[in-house]
Amino acid sequence: METSTFLKYFEGHSGIAKVVKKADAPPGEQIHLHGLIGSAKTILLAKIFQEIQLNCVVLLNDREEAAYFYDDLNNLGFAENTLFFPSSYKRSVQYDSPEQENIVQRTGVLNLLSTAEKPYFVVSYPEAIIEKVISNDSLETNTLQVKSGDKISIDFINEFLYEYGFERVDFVYEPGQFSVRGSIVDIFSFSNEDPFRLDFFGDEVDSIRTFDIENQLSKDRLNKITIVPNIQNSSVEGDRISFIDFQEQKSLMFGNNLNQFFDRIAELYRQTIVSREDENIAELLLTSGELEKQLKTKTVFDFGNDLAFSPDERIDFNTSKQPVFNKNFELLGTNLTEHSKNGYEIFILSSQEKQIERLQSIFKDTDVKVTFNPVNFVLHEGFIDHELRACFYTDHQIFERYHRFKLKNRKAQREAISLKELNKLHPGDYVVHIDHGIGKFAGLARTEVNG
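Residues numbered from 1 in each chain as written. Predicted model: local features only at pLDDT ≥ 70, side-chain atom pairs only at ≥ 80, totals over all residues. Heavy atoms only, no water.

Caption draft 1: Here's a closer look at the overall build of the chain. From N to C terminus, the chain includes 16 helices and 25 strands. Based on the C-alpha atoms only, the size of the chain along its principal axes is roughly 75 × 60 × 50 Å. In the chain, the 49 positive side-chain charges and the 70 negative ones have mean positions that sit 4 Å from each other. (Helix = DSSP H or I, 4+ residues; strand = E, 2+ residues; numbered from the N terminus. Lys, Arg positive; Asp, Glu negative; His and termini not counted. Charge placed at Lys NZ, Arg CZ, Asp CG, Glu CD.)

Printed below as a string of structure tokens:
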């Protein structure tokens, strides 16, 4: 079963219809979505998004929770519309350890939203939201848009890049670098995961492509690009506002126990002011009071029970958790048989066809006569929807396997040593490890480290 067919199953759901109706109302209402369990939350958002086509910002209480929510939306077929908005730092602003990969991803989100031609989901967490962002107007002022066919000199681009702190190198390999080789200009903008290659014919931009820094081969041909400096750097001039206020167009806000979100923002603010020896740091941070005030101007839906606001309305859902079976397939068979007898339709979600075949074989061996619908993708948490009279079980919960979320992250690819490089090492060669220091290579079995 494909995602489009799967989502059609939820058409006519009374709770979803009520949320869609509230989403169309004037902003300012606080609505409690009561009784939503597991990945029923992401399915609800997917259906709302299909109906109303507005930006939806999802505020969750930590990076892991946000990452699983983001992964669910991708698996439901919304990868082109789903953005993950991270902190600029490896952990959080209080430790003052910027992470370049995060800065690029964060800048890319802001750039997409500022030039949006379609609506997006944006999924985030307190460590990201506490950092103020550059305003839309300031972002436009500090960026350069280039289109294929533009009349623009290489000297002008060179001057712009120097002015905004880009470093000229022979070959670009990280954001904030550029190179000029004859009529070709390579630029690694902070708004894109891959660098841009501009090919000039005189003072005209003849073509624009992205390319792979590992092999220098072209990837995608583009008509226009936006070159963005490191806007997280405080030296870049511009007004600093909250990410909530950056959403100039109408947007819906979703949270899970928003009171906990506010508490985390307040604690991060306190810890950062104490730990950072920077008298200007407070100007770059959002307080929980400011966030509360800004959310009161938006339509806010809270999935949890630890609410930050007194709700104007409560919309009830009748869902429950996927039971824990502890790999007891007799127990699983009994559960599915009972639900089938009571008129429940059974769906089992798995990204691996072999797992579905394995389950069918187990049911055959244990003489369990139950029919289920295989769904060829997976969500984070299974659930039962009693209104639809349907069970949506995930294979990793049935087999008690760890389900890992997937985030777009090219840092590991760039920094990982390849097998080809590894095979070139000889016992006795010195190796530098980012965490463990300098060591002596002792073969593929072990490496002596003296950090």
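Caption draft 2: The arrangement of the packing of aromatic side chains in detail. One pass over the structure, following the stated rule, counts 27 aromatic pairs. Centre to centre, the rings of Phe 325 and Tyr 393 are 5.9 Å apart; their planes meet at 55°, and the pair counts as tilted. Placement of the pair is Phe 325 in the loop between strand S18 (319-321) and helix H12 (329-341) and Tyr 393 in strand S22 (residues 390-394), with a sequence separation of 68 residues. Both residues of the pair, Phe 325 and Tyr 393, count as buried. Ring geometry for Phe 363 against Phe 372: centres 6.0 Å apart, planes inclined by 75°, an arrangement best described as edge-to-face. (Phe/Tyr/Trp six-rings, centres within 6.5 Å; stacked < 30°, edge-to-face > 60°. Buried < 20%, exposed > 50% of the residue type's maximum accessible area, 1.4 Å probe, protein only.)

Caption draft 3: Examining the sheet that holds strand S17 (residues 313-316) more closely. Taken together, the seven strands give an open sheet; going across it, the order is S3-S4-S2-S15-S16-S1-S17, and neighbouring strands pair in parallel fashion. Strands with a single pairing partner mark the edges of an open sheet, and in this sheet they are strand S3 (82-84) and S17. Averaged over all pairs of adjacent strands, the angle between their axes in this sheet comes to 20°, without regard to strand direction. Across four bridges, the pairing between strand S2 (residues 55-59) and strand S4 (residues 121-124) is parallel. Paired with Val 57 across the bridge in S4 is Val 122. In the packing of helix H3 (residues 40-52) onto the sheet, the strands contacted are strand S1 (30-34), S2, S4 and strand S15 (251-255), and the crossing angle to S15 comes to about 175°. (Pairing = 2+ DSSP bridges. Axes fitted to C-alpha atoms, helices over the stretch in contact; angles between N-to-C directions. Contact = heavy atoms within 4.5 Å.)

Caption draft 4: Main features of the pairing of S22. Judged by how many residues are buried, S22 sits mostly within the fold: five of five residues are covered. Two elements, strand S19 (residues 345-349) and S22, share five bridges in a ladder whose sense is parallel. Bridging from a neighbouring strand, Glu 345 pairs with Ala 390 of S22. Pairing of strand S21 (residues 383-385) with S22 involves three bridges; the strand directions are antiparallel. Across the sheet, the residue bridging to Asp 385 is Ala 390, located in S22. Between S21 and S22, which pair antiparallel and follow one another directly, the connecting turn spans four residues, one of which, Arg 389, has a positive phi of 55°.

Caption draft 5: Inspection of a nonpolar patch on the surface at higher detail. A grouping of Tyr 430, Val 432 and Ile 438 is seen on the molecular surface, where their side chains present a nonpolar patch of about 370 Å² in accessible area. Note that Ile 438 resides in strand S24 (residues 437-441). For Ile 438, a relative accessible area of 47% translates into the label partly exposed. (Patch = residues over 30% accessible without salt bridge, like charges linked within 9 Å, V, L, I, M, F, W, Y side chains within 5 Å. Areas by Shrake-Rupley, 256 points an atom, 1.4 Å probe, with all protein chains shown as cover. Salt bridge = Lys/Arg side-chain N within 4 Å of Asp/Glu carboxyl O.)

Caption draft 6: A look at the environment of Pro 86. Tracing the sequence through the fold places Pro 86 in the loop between S3 and helix H5 (100-114). You can call Pro 86 buried: its relative accessible area is 1%. For the pair Pro 86 and Asp 186, spaced 100 residues apart in sequence, the C-alpha separation works out to 26 Å.

Caption draft 7: Geometry of the packing of helix H10 (residues 258-275) against helix H11 (residues 288-295). Following both chains from N to C, one finds H10 and H11 inclined at 145°, their axes separated by 8 Å at the closest point. Only Ser 288, Leu 291, Glu 292 and Leu 295 of H11 make contact with H10, whose side of the interface consists of Phe 261, Phe 262, Ile 265 and Ala 266. Looking at the contact of H10 with H11 residue by residue, the class counts come to six nonpolar, one polar and one charged. (Nonpolar A, V, L, I, M, F, W, Y, C, P; charged D, E, K, R; others polar.)

Caption draft 8: Molecular detail of the side chain of Ser 191. When you line up the elements, Ser 191 lands in the loop between strand S9 (184-187) and strand S10 (196-201). For Ser 191, a relative accessible area of 12% puts it in the buried group. Within the local environment of Ser 191, its side chain forms a polar contact with the side chain of Ser 189, the two groups lying 2.7 Å apart. In this structure the side chain of Ser 191 is engaged in a polar contact, spanning 3.0 Å, whose partner is the backbone oxygen of Thr 226. Aside from chain neighbours lying at most four places away, what touches Ser 191 is Thr 107, Gly 108, Asn 111, Thr 226 and Val 228. (Polar contact = N/O pair within 3.5 Å; in protein donor to acceptor, adjacent residues only side chain to side chain.)

Caption draft 9: Representation of the nonpolar core. Residues Phe 6, Leu 33 and Phe 254 are the most contacted members of the largest nonpolar core, which totals 85 residues. In this view, Phe 254 contacts Leu 33, Leu 45, Ile 48, Cys 56, Val 57, Val 58, Leu 59, Phe 301 and Phe 303; residues no more than four positions away in its chain are not counted. Within the second largest apolar cluster, 19 residues are counted, among which are Tyr 344, Ile 346, Ile 348 and Ile 356. (Core = buried A, V, L, I, M, F, W, Y, C linked by side-chain atoms within 4.5 Å.)

Caption draft 10: Up close: the pattern of salt bridges. Under the criterion given, the structure shown has 17 salt bridges. Here Asp 199 and Arg 209 are joined by a salt bridge, their closest N and O atoms 4.0 Å apart. Of this pair, Asp 199 sits in strand S10 while Arg 209 sits in strand S11 (residues 204-211), and the two are ten residues apart along the sequence. Here Asp 316 ties to Arg 314 by a salt bridge, and the two come within 2.8 Å at their closest N and O atoms. Shared partners join several salt bridges into a network, and the residues in it are Lys 22, Glu 29 and Glu 313.

Caption draft 11: A negative patch on the surface, seen in detail. On the surface, a cluster of negative charge is contributed by Asp 137, Glu 140, Asp 239 and Glu 248. Considering the arrangement of structural elements, one finds Asp 239 in the loop between strand S13 (224-227) and strand S14 (240-241).

Caption draft 12: Representation of the confidence of the model for the chain in the model. Scored by pLDDT, the chain comes out at a mean of 88, with 93% of its residues at no less than 70. In this model, residues 412-420 is a region of pLDDT below 50 whose contacts with residues beyond four sequence positions or in other chains number nine contacts. A low-confidence stretch, residues 446-451 (pLDDT under 50), is modelled with 14 contacts involving residues beyond four sequence positions or located in other chains. (pLDDT = per-residue confidence, 0-100.)

Caption draft 13: Structural detail: H5. For H5, built from 15 residues, the straight-helix expectation of 21 Å at 1.5 Å per residue is met to within 8% by its first-to-last C-alpha distance of 21 Å. When you tally the buried positions in H5, you get twelve out of 15 residues, the bulk of the element. Buried residues of H5: Glu 101, Asn 102, Ile 103, Val 104, Gln 105, Arg 106, Thr 107, Gly 108, Val 109, Leu 110, Asn 111 and Leu 113, and no others. (Expected span 1.5 Å × (residues − 1).)

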